[in-house]
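As a plain string of letters, each chain reads:
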Amino acid sequence: MSIEQRLQTLGITLPPVAVPAAAYVPFVRTGNQIFLSGHIAKKDGQVWVGKLGQNMTTDEGKQAARAVAIDLMGTLAVAAGGLDKVVRIVKVMSLVNSTPEFTEHHLVTNGCSELLGEVFGEKGVHARSAFGVAQIPLGACVEIELIAEVA
């Protein structure tokens, strides 16, 4: 099954590449690697604002991280010339806007990691870091960046 077929089966339509809100580009390709800039969580086209451990649950954060994964795949599709050209998702780095007491950053980030695994299969298994941070731009609850190897 192709990546496009998997996305259709999951009911996922990839969004267009977002226009950066600051002095950076959405992705950089060097050799056979693509580095995607951090993508913040969005819900209904708006920034998904919240702080884990204060006004968001782990499950809500996981849903937000899944939403970020969809946006990341939209950018990756453009950067790679199609998702079927992805050889491997190499690394995911997740920033979770959270209180100092919140300790489930890894479970929030699973929302992204699990979807990448569903879509890419073994190619979606990746190295990962998940951090709790005091704030993310625009008050977003989650920001994730990604590195991929492409053909």
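Presented here is a report on the structure given in the accompanying data block.

The rules behind each value
- Residues numbered from 1 in each chain as written.
- Predicted model: local features only at pLDDT ≥ 70, side-chain atom pairs only at ≥ 80, totals over all residues.
- Heavy atoms only, no water.
- 1 Å grid on protein atoms, 1.4 Å probe; cavity = no way out; pocket = protein on both sides within 12 Å on 5 of 7 lines; lining within 4 Å.
- Points joined across faces, edges and corners; volume = space filled by probe spheres on them.
- Helix = DSSP H or I, 4+ residues; strand = E, 2+ residues; numbered from the N terminus.
- Nonpolar A, V, L, I, M, F, W, Y, C, P; charged D, E, K, R; others polar.

Looking now at the layout of surface pockets. Estimates place the volume of the largest pocket at around 580 Å³. Lining the largest pocket are 23 residues, with Ala-18, Tyr-24, Gly-38, Ile-40 and Lys-42 sitting closest to its centre. Broken down by secondary-structure element, the contributors of at least two residues to the lining of the largest pocket are strand 2 (33-40) and helix 2 (58-80). Across the lining of the largest pocket, the residue classes tally to 15 nonpolar, 5 polar and 3 charged.

This brings us to unusual backbone geometry. For Asp-44, which is not a glycine, the phi torsion comes out positive at approximately 55°. Of note, Asp-44 is situated in the loop between strand 3 (42-43) and strand 4 (46-47). Positive phi values are uncommon outside glycine, yet Leu-138 reaches one of about 65°.

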